[in-house]
Structure formats: C-alpha cells, structure tokens
Amino acid sequence: MSLTDAYRHDVAENATSALKGLPKEGAGDSHSESPRLATKILNLKKEYVLKSETVRALRGVSFDVPEGDYVAIMGPSGSGKSTLLNLLGCLDQPTSGQLMLGDDDIGTMTDDELADIRSRRIGFVFQSYNLIQQLSVVENIQVPLYYQGRIGPAQRERSIALAQRVGLGERLEHRPAQLSGGQQQRVAIARSLINDPYFILADEATGNLDSVTTEEILTLFDELNEEGRTIIMVTHEDDVAGRAKRVVRLKDGMLHRDELNPQSEREAVREAQREAASEILKKQGGN
Amino acid sequence: MLWLRTLRLGVKSLTLHPLRTGLTMLGIMIGVWAVIVLTAISQGASDQVQKQIESLGATTIIVRSVKPPDEEMAGMGASKFGLRRSELDQILATLPTIERAVPIREIGRQFTYQDRRVSGRLVGCTPGYAEVTKLAIRDRGGRFLTDADGLRLDNVCVIAAEVAEQLFPYEEPLGKMVYVPEHTDYYRVVGVLAHRNPSAAIGGSLDSQDFSQDVYVPIQTMRRRVGDTIMTRGNGQFQVEMMELNQITLQVQHVSQVKTTASVIEGILAVKHSLVNDIAVVVPLELLEQARNLRLMFLGIGVLIACISLLVGGIGIMNIMLASVTERTREIGIRRALGAKRADIIRQFLVETIVLSFAGAALGILLGFLGPVMYRGVIALISASFPDQFAALPAAIRDSQPAIVYETIPLAVIIAVTVGLVSGLYPAFRAARMNPIEALRHE
C-alpha cells in the first residue's frame, strides 16, 4: 500500500525544480540528494478520553508526504480525518507514534514549541477562511510572521507579493468583511504561504464556496503545487479529491487506501470542472 | 517593539467595537472621576472644618509662667520667675513657623470711675491679642489697641462690655478716664468690647476663660506704669513677685506644625527654666486630636467611595473582557493556529485592558477637573430649588469649595490600571487556556 520510492523521488524532483516562481526564504538549500519529506507519519495513534469511555480516533496510521506532493485525505465522518488534520497542523499531539516535521517529532514538543512550529512551518487554509476581522488583507497575510517577531518592510513586501500572487493586488487594505468568500480564501492561501511552510494544510478549503469559486481556488492550488508547494487537503468531495495527485482514505481510524490519481485522470477531472464552471458563468452572464 | 505592536493591535481591536469599548471605559472613567471629585469635595469640606477648628484655637500654643511652689523658690533671692521678654525674641528669631506672637501681662486690679468701682484684670497686651482671642469691638465705634499706642506708651485702654456697664451705666465710656487706684494711673477708654460669653478653651486648654472683667492696655505702657514687680498685701501677708510676662500666646501657620513648634519652644526655654519649674507650654491637644480625627474620617469616606467606584469599574472591565474573550474565541483559535503562544494571547488581552483602563482614567481625569465646576452647579441648583433645606445644612457643607487633591490623580490612575489589569488577568488566562481546536470550531 505504501508509495514507491520512485514516486517520492519523482514528486520531490518536480518540487525542487519548480520552486522558483516566488521568493522562497532560505532558497538554495533544496538540492538534496534523497527526496525530502514534508512529513513522515509512523504508526500514529490518538485516543480521547470522554468521561469513562476511550475513543480511539486514530489506531496506527503510517504514510509519508514527500515535498511537492498534493494529497487529499478523505474518509467518512468518524474516520479520524479531523484528528489527523489537527495532528498535522500541530494543534494536538498524538497518544503514540511519530509525526515528523523535518527533524521534529511533534509528540515530544511543548505547547510553545508547537505554537512556534505552527507559525514557522504550517500553512493553514480553513473552510471558513478564518481571517482576523480587524486586520487588513496585508496584515492578515503577515499574522504568522507576527508571532515569530518578524515584522518589517521586507515582510510587508513579501505579503504584498503574495497578495498579488493570489490575485488580490488591488485589495491590499481591504478588511475581510469587504471581500467575497473566494477572495477571503485567497487571502487565507496567501497567508498560508507567508512562512514558507512544509505544507499547506487545507481543511475543506472549498466547502463554503460555490462551484465557480471552488474551481478558481482549486486552480490556484494546482498552480501552487506546480510551483513546488506541498499541499495536504482534507475533503469529503470526490470532485475536489480528484484534483490531487494522491488520495489517502481513512476508515475507522486506520489507513484504508492510499492511491495515486493518474495524471491523465487528474487532467480529465480538471477539464471537466473547468467546463462546468464556465457553463455556469455563461448562464449567469446570460441572466 | 513587541509590546508596541501588540498595543497597535489592541487599539485596533478596541476601535472595532466602539460602543462596547466606550461603555467599558465609562466604568473606569467614572471610577477615576469619582476618586478625584469625591476627594476634592471631601477635601473642601475637610478644609472648612479644619478652618473652624483652627478658629477655635487649634493653631495656638500657649506658654505660661507658673508660680513655682514656695520651697523651690527658697534661696533664690528675690522671687523672680516666669517668662522673659528676651525669650519671646529668642523664640521669634528661632521659629519661622510662628505667624503671630502676643505677650501678655495680667494682674488683678480695681478700676474706678467717679464713685463706681469694679474688680477685674488689668491685661497688658499687643494689638494681636484681639485676633488671637477673638475679641470683637462693639458696633458703636471705638477701636482695639494699636501699635502706636504701645510705641507712644499712651495711657489708653479697651474695656470689656461688663466693665463698661458697671463703670458707665448711663454714659458713653469712649473718651472717659478709668482710674486704677493702686498705681494712681488714669487710662482713657478708646474701645469697648462686644459682649462675649466666657470662652471655653482658648488654645484648647480646657480652663474656661472669662474676659468679662478685663481692661486691656498696651503692654509697653503697662511695663512703664506697673513694672515687673508686684506687691500683694492682704491677710497680714506681704508678697513680692517679679515677673516679666505671664503668658505668650503663639499662633503657628498650620495645625500640623503645632506639636513640633511646641517641642522646639520647650527646648529653647529649657535652657533657663530647667532649674525651677516655672513655665508651662500648653498645646491644644484635644483640638488637634479632633482635627486629625476629622481629617481621617473625611479621608476614610473618600477612600471608601473611591474603592467602591473603582471596584465597580473593574467588574465592568472584567465583564466586558470575559464577554470579549467568548466572542473572540474564534479569533483566539485562529491566532493560536497561526502560531500565537499562550503568552501572546495573554499579552494581547492584557494590553487591551490596560489601554481601556488608561483611556478611561485619562477621560476620568479630564472630567475630574470639571468636577468643582459641576459641584458648584449642583450646589447652586439645590440652593435655588430647596432654599430652606439648603440653609439648614451645616456650614461645612454649604460653604465648602471642592479642592482637587493632586496627589490623588496618579493614585487614581495607578489604582484604575491595577484594577483593570487584575480584572483583565482572568479573562486573558481563560483565553490562553482555550484549546485551539475547540476555539477554531467555535461559531
């Protein structure tokens, strides 16, 4: 069930060669010999104690995510995908097993260290955007840097560049309330990129969006992945998962299936969704 | 830098909800305002009461000559004792706190006019005596002694109302000559005092003093006419006493200086009077005590009210901050997810409460300065609407002018900010303790 080394290598190669669209901090150190892993998960277990009952949300999950991968995590509710998402986002710690981010095992970290790694190495994109209402677009993008104590003209420029990258160059000083859902999600994506994360962790990122906007956001994800960004998204929509390179399915807290989406299929799905979206656009325009 | 950025963020968050922020600040503002205004009002009333106490003689120190027991005087030659004029000069030269000093010499004497005769006291004093003992000249003309009377050694006198009634039942006393048979001297009457009840406690020594039989003459004239030696004959005894001054009445500038001044005087006088116990320094202890108690009472009331209002303000802040934490659970979750440490969250909320309480305190101070004006307005309103009831109020309340006590301003700010900080701590810690996962899920 595990992926072949060849696949890993392949993904990572693409990633290192493609990572040049955006100014990457600390660029130049990415030419390593072996494929680098964005994260490595080994026999991950998580149990919750609810009153007298112990809920075993994850019962030993193992898989790797190489840099440059695009993984969709799927599963019915109760399958443990939210728990896995929380662990990947360093919001929670496993009961046992390892979750490696670079050289760090999040199981052994303190609360402050977890917070630190969230600000430095994780790019969250949430279903409900989760922007801070009192901050402008640029300021929202900078929030993770703020908690690293890094705020300055250079950082501001970088966030402006990212805002432009996601197509919000004209709305730098707008407040979230002044933006549409799709625009807010773009801000969130730009924010997730500001700290040059191990991976973008998207939780039902298109769940609140209509299909046209969903298409826009997914296209943005495609582009980012082509630029070398690693993306892990949790979704329950097959359409959305179809855009990923790889689909990891969970069931009852265990890894159920880990499959690659063949390139041809991905492109077919992409094409179909684009057409559907432009159909809708046309109809709307007709009205 | 970090705090500065947090500050900017805090101000931004606060301006996002102007009404809520305003209401919260109102709590602290009213608290600080209350502290300033109430202490000002109570200070005003306290000043008024203090003034009344001072008018009773709380600032008066009395140094008296005391006739020592005979055995102590034995072997001292002539029985000379008591205060010297030189000592008065010495005291005045040493102590800058003294506002007024009145030397007094008094002897019991008989006074006659034509065939009428009165026994009373011949009192030699300076013009300041009238003020120190609150003697008033009656309404129909006349005057008290002046410095010029003393300098010219004039034989003039001011007589008490009762003396005037007895010596001059049908005549106008002004300009008439009062005769003192023992010295064969005439004194021209230049003033008659208004009626006065025997005073309790001049200078707070509780011996009541009766001024009704007094005849006042310039002390310089008295020295010339009577001299320092007094011979008393009677009951087969013949006594000679030599004394320069019976009493020095001193007034200090402020109640708080009474005790120290008195102890310095005792020190000065001890040099010459340590051998024979022939002087006494009398301090108006009871009045001082009363003044102190009243001040403490006013202070206590002020502090109590201030504490209550600041407590209410603090509860307001805590209330709002708790509501704010609940309302901003989502924001806290987002910030935690994006890398905020617990300390960052605590700092954020604490800065907000500090900003709130500082802003509230600043407004409170501004408003506090308007307090005296408002107070006068309210008093004017009350006196216009309920003139009878207002007139019935004690003078201390009616006439008091609020006086801002500037020391209370930094105090109020410190207390307000502390209250804000303490009230903000719990909500801040609650925010920081929140599980980020649950906080993110919060709607």
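Residues numbered from 1 in each chain as written. Chains lettered and ligands numbered in written order. Predicted model: local features only at pLDDT ≥ 70, side-chain atom pairs only at ≥ 80, totals over all residues.

(A) Here's a closer look at the overall build of chain A. Helix and strand content of chain A: nine helices and ten strands. A total of 287 residues make up chain A; the buried ones form 45% of that total. Taking the intrachain contacts of chain A between residues at least 6 apart in sequence as the baseline, contacts between residues at least 24 apart amount to 72%. (Helix = DSSP H or I, 4+ residues; strand = E, 2+ residues; numbered from the N terminus. Buried ≥ 20, exposed ≤ 12 C-beta atoms within 10 Å, placed from the backbone. Contact = placed C-beta atoms within 7 Å.)

(B) Representation of the sheet that holds strand 10 (residues 254-260) of chain A. Residues and elements named next belong to chain A. If you walk across this open sheet you meet the six strands as 6-7-8-3-9-10, and the pairing is mixed. One side of each edge strand has no neighbouring strand; the edge strands of this open sheet are strand 6 (122-125) and strand 10. Geometrically, the sheet is characterised by an average inter-axis angle of 20 degrees between neighbouring strands, direction not taken into account. Pairing of strand 9 (residues 246-251) with strand 10, which is carried by six bridges, proceeds in the antiparallel orientation. When the bridges of strand 10 are listed, Lys251 appears paired with Met254. (Pairing = 2+ DSSP bridges. Axes fitted to C-alpha atoms, helices over the stretch in contact; angles between N-to-C directions.)

(C) Representation of the interface of chain A and chain B in the model. Facing 22 residues of chain A, the contacting portion of chain B comprises 18 residues. Elements with a minimum of two residues in the side of chain A that touches chain B: helix 3 (111-121) and helix 4 (137-146) of chain A. With six residues, the top contributor of residues to the side of chain A that touches chain B is helix 3 of chain A. In terms of residue class, the side of chain A that touches chain B is made up of nine nonpolar, eight polar and five charged. (Nonpolar A, V, L, I, M, F, W, Y, C, P; charged D, E, K, R; others polar.)

(D) Representation of the packing of helix 2 (residues 18-58) of chain B against helix 12 (residues 342-385) of chain B in the model. All names here are of chain B. Here helix 2 crosses helix 12 at 40 degrees, and the two axes come no closer than 7 Å. Compared by their axis directions, helix 2 and helix 12 come out oblique. You can see that helix 2 and helix 12 cross each other, and the crossing is right-handed. Here the residues of the contact of helix 2 with helix 12 sort into 17 nonpolar, nine polar and no charged. (Parallel < 35°, antiparallel > 145°, perpendicular 65-115°, else oblique. Left-handed = near helix turned anticlockwise from the far one by under 90°.)

(E) Here's a closer look at the environment of Gly141 of chain B. Take Gly141 of chain B: it is sitting in the loop between helix 5 (128-132) and helix 6 (147-151). For the pair formed by Gly141 of chain B and Gly191 of chain B, sequence separation is 50 residues and the distance between their alpha carbons is 7.4 Å.

(F) Seen up close, the confidence of the model for chain A. Confidence in the prediction for chain A averages 86 pLDDT; 87% of positions are at 70 or higher. Note on residues 18-32 of chain A: pLDDT is under 50 here. Beyond four places in sequence and across chains, it has 16 contacts. (pLDDT = per-residue confidence, 0-100.)

(G) Structural context of the nonpolar core. Counting residues in hydrophobic clusters, the biggest one holds 123 residues, and the most contacted among them are Leu201 of chain A together with Val32 and Ala416 of chain B. It is helix 2 of chain B that contributes the most residues to this core, 18 residues altogether. Apart from the residues lying within four places of it in its own chain, the contact partners of Val32 of chain B are Gly360, Ala361, Gly364, Ile365, Gly368, Ala412, Val413 and Ala416 of chain B. By size, the runner-up hydrophobic cluster in this structure holds 49 residues, among which are Val63, Phe111, Ala160 and Val163 of chain B. (Core = buried A, V, L, I, M, F, W, Y, C linked by C-beta atoms within 7 Å.)

(H) Representation of the sheet that holds strand 5 (residues 104-105) of chain A. Residues and elements named next belong to chain A. Strand order in the open sheet formed by four strands is 2-1-4-5, and the pairing between neighbours is antiparallel. Edge strands, defined here as strands with exactly one partner in the open sheet, are strand 2 (53-66) and strand 5. Of the pairings in the sheet, the one linking strand 4 (residues 96-101) to strand 5 comprises two bridges and is antiparallel in character. If you follow Leu101 over to strand 5, its bridge partner there is Asp104.

(I) Region of interest: the pairing of strand 8 (residues 231-234) of chain A. Residues and elements named next belong to chain A. Burial along strand 8 is two-sided: Ile231 and Met233 and Ile232 and Val234, pointing in opposite directions, are all buried. Looking at chain direction, strand 3 (residues 70-74) and strand 8 are connected through four bridges and run parallel. Of the residues in strand 8, the one forming a bridge with Val71 is Ile232. Here four bridges tie strand 7 (residues 199-203) to strand 8, and the two strands are oriented parallel to one another. Considered in strand 8, the bridge of Asp203 is made with Val234. The parallel pair strand 7 and strand 8, bridged by helix 7 (residues 211-226), forms a crossover whose chirality is right-handed. (Right-handed = clockwise from strand over helix to strand, strands pointing away.)

(J) Unusual backbone geometry, seen in detail. All names here are of chain B. Positive phi is not limited to glycine here, since Gln114 has a value of about 50 degrees. When you line up the elements, Gln114 lands in the loop between strand 2 (98-113) and strand 3 (116-125). In this structure, Leu153 takes a positive phi of about 55 degrees despite not being glycine. Structurally, the position occupied by Leu153 is in the loop between helix 6 and strand 4 (156-159). When the 14 C-beta atoms within 10 Å are taken as the criterion, Leu153 is described as partly exposed.

(K) Main features of the pairing of strand 3 of chain A. Residues and elements named next belong to chain A. Most of strand 3 is tucked away, with five of its five residues classed as buried. Going residue by residue along strand 3, you find Tyr70, Ala72 and Met74 tucked away on one face and Val71 and Ile73 tucked away on the opposite face as well. As judged from the four bridges shared by strand 3 and strand 9, these two strands associate in the parallel manner. Residue pairing in the sheet places Val71 in a bridge with Arg246 of strand 9.

(L) Spotlight on helix 6 (residues 181-193) of chain A. Residue and element names in this part refer to chain A. A rise of 1.5 Å per residue sets the reference length of helix 6, with its 13 residues, at 18 Å; its end C-alpha atoms lie 19 Å apart and thus fit the reference within 8%. Counting buried positions along helix 6 gives twelve out of 13 residues, so the element sits mostly inside the fold. Looking at helix 6, one finds that the buried residues are Gly182, Gln183, Gln184, Gln185, Arg186, Val187, Ala188, Ile189, Ala190, Arg191, Ser192 and Leu193. Along its buried surface, helix 6 packs onto strand 6, helix 4, helix 5 (153-165), strand 7 and helix 7. (Expected span 1.5 Å × (residues − 1).)

(M) Quick peek at the confidence of the model for chain B. Residues and elements named next belong to chain B. In this model, chain B carries an average pLDDT of 83, and 92% of its residues clear a pLDDT of 70 or more. For chain B, per-element mean pLDDT is lowest for helix 3 (residues 70-73), which scores 58, and highest for strand 4, which scores 93. Below pLDDT 50 for its whole length, residues 200-207 participates in 22 contacts with residues either more than four positions away or in separate chains. Reported for the predicted complex are a pTM of 0.68 and an ipTM of 0.87.

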